[in-house]
Amino acid sequence: MPTDVRQKFRPRNRIRVAAGLTLAVGATLLSGCSSSEGSPTLTWYINPDDGGQAELASRCSDASGGAYTIETSLLPTDAAAQREQLARRLAANDKTMDIMSLDPPNVPEYAEPGYLAPVPDDVAERTTANVVEGALAGAQWKDKVVAVPFWANTQILWYRKSVAEAAGLDMTQPVTWDQLMEAAESQDKFLGVQGARAESMTVWVNALIESAGGQIVENPDASADEIKLGIDTEAGKAAAEIVSTIGKEGLGGPGLPTQTENTSMVQFQGDEGSFMVNYPFVWPATNAAVEAGTLPQSLIDDIGWALYPRVDADTDTAPPLGGINLGVGAKSEHIDLAYQAIECIVSPENQAYYFATNGNPPSNTDAYNDPEAVSTFPMAGTIRESLELSKPRPQTPYYNEISTGIQQTWTPPSDVSPETTPASSQEFILEVLRGEKLL
């Protein structure tokens, strides 16, 4: 998720958040700590979840046979705040940065200045075997693995079977955005997208441009003054046409300008829901609401899923890529042990467990064979296929400037124009990168 969505859910086997979670602001106290047995303590900075990372920390600590103990330190809920805290600690040569849960778009920002300890070749070989293509791309910088793929995330197309049938759509075949817009309008229903001025807008725009055969950044390893953007292109105009149509014609519903992943899910669950692009958390969250009696069982029976919509009928879709990679700080005092711990954390067995209990899809394809995971997520095959097709957001050290620039120039959706938005957005971001304008 953009990392993404932090929606928590309560499946039957939900684990409780472990008491070992500590606030990130106190993590500096852990530097140099050892357990009572004398083994080193590794600090793992984690993004908020449903307790799964804390449980994996405990499991891998036990499995180490006393070689190390992992303590978790909780990062802020907001993805931007997570990025800022990690960047500041890394820049300050914080020695507690043993293991970090990293959003894929932020990996180049940490890798370029040397803040990440190199991934040993043998570790990279083992931990990237059978990893879906999208997750592997998001763990690389300058064609080198600089972080270890942990879990991957992607948006799929959720749909109400009754609406699709009434609109005459064959959901066993790929569908386009144009088809979905026409279907939602013909049935007087709302199309679920995320139109808020937030990271989710960058996720949407990037997926549209990539699906149209383009790229937001054409030379991602270039310096700020030499970077080339692909927003003001035919692919960018195709993306703007879709965003604009949904916004101007009211197809996203009245709340579109502030709509997030959670609010679009709520709209989809209601009487006016039709189609929605969103993350896999939708399934357990909806089931939990049905079990609690706040939604009817008939809703579950009416929900189907498919791959992310195409921009062009003859071109494969390029769904969003989210998830988490694991990195090690270059100034960690326990780099070798940290990578040993990471190998344990990202084992297919642990990824399958994390999927089944916390709803975060594995990056390793072997984990999709786990019976419990497949039972919890019957759409696991669609998620895996989506991840194979997925494309990361721009992998560049200047991702923050680019993402924030997109959010400011592509919102609200009703103000987007295919004739003007791609050009004005691209120029604004380039001016920011040249230091001529401020975000």
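Calculation criteria
- Counting starts from 1 at the beginning of each chain's written sequence and moves along it residue by residue.
- Restriction of local features to residues with pLDDT of at least 70 applies here, the model being predicted, together with a cutoff of 80 or more for giving and counting side-chain atom pairs; totals for whole chains, interfaces and linings are based on all residues.
- Heavy atoms from the whole structure form the basis of all side-chain values; hydrogens and water molecules are not counted.
- Here a strand pair is declared whenever DSSP counts at least two bridges between the two strands.
- Only DSSP runs of H or I reaching four residues or more are called helices, and only runs of E reaching two or more are called strands; each is numbered from the N terminus.
- With axes taken as lines fitted to C-alpha atoms, and helix axes fitted only over the stretch in contact, angles between N-to-C directions fall between 0 and 180 degrees.
- The contact definition used throughout considers only heavy atoms, calling two residues in contact when any of these lie within 4.5 Å.
- Under this scheme an angle from 65 to 115 degrees is roughly perpendicular, one under 35 degrees roughly parallel, and one over 145 degrees roughly antiparallel; angles in between are oblique.
- The hand of a helix crossing depends on one turn: near helix anticlockwise from the far one by less than a right angle means left-handed, and clockwise means right-handed.
- Polar here means any residue other than Ala, Val, Leu, Ile, Met, Phe, Trp, Tyr, Cys and Pro, which are nonpolar, and Asp, Glu, Lys and Arg, which are charged; Gly is therefore polar.
- Here the expected length of a helix is defined as 1.5 Å per residue gap, with one fewer gap than residues.
- To sort residues, take the accessible area from a 1.4 Å probe on protein chains only and compare it with the maximum for the residue type: under 20% means buried, over 50% means exposed, and anything in between is partly exposed.
- When two rings of Phe, Tyr or Trp (its six-membered ring) have centres within 6.5 Å they constitute a pair, described as stacked for plane angles under 30 degrees, edge-to-face for angles over 60, and tilted for the intermediate range.
- Charges are assigned to positions over rings by a cutoff of 6 Å between ring centre and Lys NZ or Arg CZ, combined with an angular limit of 35 degrees from the ring normal.
- The disulfide definition used here is simple: a pair of cysteine sulfur atoms within 2.5 Å.
- Throughout, nonpolar core names a set of buried Ala, Val, Leu, Ile, Met, Phe, Trp, Tyr and Cys residues whose side chains join them through atoms within 4.5 Å.
- The arc refers to the directions leading from the helix axis to the C-beta atoms.
- The patches described consist of residues with a relative accessible area above 30% and no salt bridge, like charges being joined within 9 Å and nonpolar side chains (Val, Leu, Ile, Met, Phe, Trp, Tyr) within 5 Å.
- To be clear on the numbers: accessible area is Shrake-Rupley with a 1.4 Å probe, and residue cover counts the displayed protein chains and nothing else.
- Salt bridges are defined as contacts in which a side-chain nitrogen from Lys or Arg sits within 4 Å of a carboxyl oxygen from Asp or Glu.
- The convention is simple: Lys and Arg are positive, Asp and Glu are negative, and His and the chain ends are not counted.
- Throughout, a charge is located at the NZ atom of Lys, the CZ atom of Arg, the CG atom of Asp or the CD atom of Glu.

### Focus on the sheet that holds strand E8 (residues 156–160)
Whenever strands of a sheet pair, they do so through backbone hydrogen bonds, lying parallel or antiparallel.
Turning to step 1, where the next piece is worked out: Ordered in space as E9-E10-E8-E11, the 4 strands form an open sheet in which the pairing is mixed. Since the sheet does not close on itself, it has two edges, and those belong to strand E9 (190–192) and strand E11 (303–306), each with one partner. Direction aside, the axes of adjacent strands within the sheet are offset by 20° on average.
Turning to step 2, where the next piece is worked out: With 4 bridges connecting them, E8 and E11 associate as antiparallel partners. Looking at E11, one finds that Tyr159 is bridged to Gly304.
Turning to step 3, where the next piece is worked out: Taken strand by strand, helix H11 (residues 282–292) contacts E8, strand E10 (273–278) and E11, and its axis lies near 175° from that of E11.

### Comments concerning the packing of helix H1 (residues 52–63) against helix H14 (residues 348–358)
Turning to step 1, where the next piece is worked out: At a closest axis distance of 10 Å, the pairing of H1 and H14 adopts a crossing angle of 150°. Taken as axis vectors, H1 and H14 run roughly antiparallel relative to one another. The two elements H1 and H14 cross, and the hand of that crossing is right-handed. On H14, the residues touching Gly52, Gln53, Glu55, Leu56, Arg59 and Cys60 of H1 are Asn350, Tyr353, Tyr354 and Asn358.
Turning to step 2, where the next piece is worked out: Here the contact of H1 with H14 is built from residues that sort into 4 nonpolar, 4 polar and 2 charged.

### What to know about helix H8 (residues 199–211)
Turning to step 1, where the next piece is worked out: Under the 1.5 Å per step criterion, the end-to-end length of H8 is 18 Å for 13 residues, consistent within 8% with the ideal 18 Å.
Turning to step 2, where the next piece is worked out: Most of H8 sits out of view: 13 of its 13 residues are buried.
Turning to step 3, where the next piece is worked out: Trailing H8 by a residue or two, Gly213 shows a phi angle of about 90°, which is positive.

### Here's the deal with the packing of aromatic side chains
Turning to step 1, where the next piece is worked out: Applying the stated criterion across every chain yields a total of 9 aromatic pairs.
Turning to step 2, where the next piece is worked out: Ring centres 4.5 Å apart and planes at 15° place the aromatic pair Phe355 and Phe377 in the stacked group. Here Phe377 lies in the loop between helix H15 (371–376) and helix H16 (380–389) and Phe355 lies in helix H14, a separation of 22 residues in the sequence.
Turning to step 3, where the next piece is worked out: Through a chain of ring-to-ring contacts, the aromatic side chains of Trp44, Phe150, Trp151 and Tyr354 assemble into a single cluster.
Turning to step 4, where the next piece is worked out: Over the ring of Tyr353 we find Arg59; its NZ or CZ atom is 3.9 Å from the centre of that ring.
Turning to step 5, where the next piece is worked out: Note that Arg160 overlies the ring of Phe268, its terminal NZ or CZ placed 6.0 Å from the centroid.

### Examining the packing of helix H17 (residues 399–409) against helix H18 (residues 421–433)
Turning to step 1, where the next piece is worked out: As a packed pair, H17 and H18 sit with axes 9 Å apart at the nearest point and diverge in direction by 140°. Comparing their axes, H18 and H17 come out oblique. The two elements H17 and H18 meet at a crossing, and its hand is right-handed. Between H17 and H18, the residues in contact are Glu401, Ile402, Gly405, Ile406, Gln408 and Thr409 and Thr421, Ser425, Phe428, Ile429, Val432 and Leu433, respectively.
Turning to step 2, where the next piece is worked out: Residues belonging to the contact of H17 with H18 are distributed by class as follows: 6 nonpolar, 5 polar and 1 charged.

### Observations concerning the state of the cysteines
Turning to step 1, where the next piece is worked out: Taken as a whole, this structure holds 1 disulfide when the rule is applied.
Turning to step 2, where the next piece is worked out: Paired by a disulfide, Cys60 and Cys344 hold their sulfur atoms 2.1 Å apart. Taking the torsion about the sulfur-sulfur bond, which here is approximately -90°, the covalent link between Cys60 and Cys344 counts as left-handed. A residue pair is termed long-range when its members are at least 10 positions apart, and Cys60 in helix H1 and Cys344 in helix H13 (residues 335–345) qualify at 284 residues.

### Describing the pairing of strand E12 (residues 322–327)
Turning to step 1, where the next piece is worked out: Extensive coverage of E12 is indicated by the burial of 6 of its 6 residues.
Turning to step 2, where the next piece is worked out: Covered by surrounding structure in E12 are Gly322, Ile324 and Leu326 together with Gly323, Asn325 and Gly327, the residues of both alternating faces.
Turning to step 3, where the next piece is worked out: Judged from the 3 bridges that link them, strand E4 (residues 99–102) and E12 form a sheet pairing that is antiparallel. Within E12, the residue paired with Met100 across the bridge is Gly327.
Turning to step 4, where the next piece is worked out: Sheet analysis places strand E7 (residues 148–153) next to E12, joined by 5 bridges and oriented antiparallel.

### Focus on the nonpolar core
Turning to step 1, where the next piece is worked out: Trp44, Ile70, Ile99, Phe150, Trp158, Leu326 and Ile345 are the most contacted members of the largest nonpolar core, which totals 61 residues.
Turning to step 2, where the next piece is worked out: No other element matches the 7 residues that H13 contributes to this core.
Turning to step 3, where the next piece is worked out: Grouped together as the second largest cluster of nonpolar side chains are 48 residues, Ala164, Ile209, Leu229 and Ile429 included.

### Thoughts on the environment of Glu133
Turning to step 1, where the next piece is worked out: Within the secondary structure, Glu133 is located in helix H5 (residues 133–137).
Turning to step 2, where the next piece is worked out: Those residues in contact with Glu133 that sit more than four places away from it in its chain are Leu387 and Glu388.

### Side note on H16
Turning to step 1, where the next piece is worked out: Taken as a whole, H16 has its buried residues at Ala380, Thr382, Ile383, Ser386 and Leu387. Projection of H16 onto a plane perpendicular to its axis shows the buried side chains occupying an angular sector of 160°, all on one side.
Turning to step 2, where the next piece is worked out: Where H16 is buried, its residues contact H5, E7, E8, E11 and H14.

### Points about a negative patch on the surface
Turning to step 1, where the next piece is worked out: Together, Asp178, Glu182, Glu185, Glu241, Glu249 and Glu419 make up a region of like negative charge exposed at the surface.
Turning to step 2, where the next piece is worked out: Take Glu182: it is sitting in helix H7 (residues 177–186).

### Here we look at the pattern of salt bridges
Turning to step 1, where the next piece is worked out: Using the criterion set out here, one finds 15 salt bridges in the structure.
Turning to step 2, where the next piece is worked out: Across the pair Arg434 and Glu427 runs a salt bridge whose closest N-O atoms are separated by 3.2 Å.
Turning to step 3, where the next piece is worked out: According to the relative accessible area criterion, Arg434 is partly exposed, its value standing at 40%.
Turning to step 4, where the next piece is worked out: Exposure remark for Glu427: the relative accessible area of 35% places this residue in the partly exposed category.

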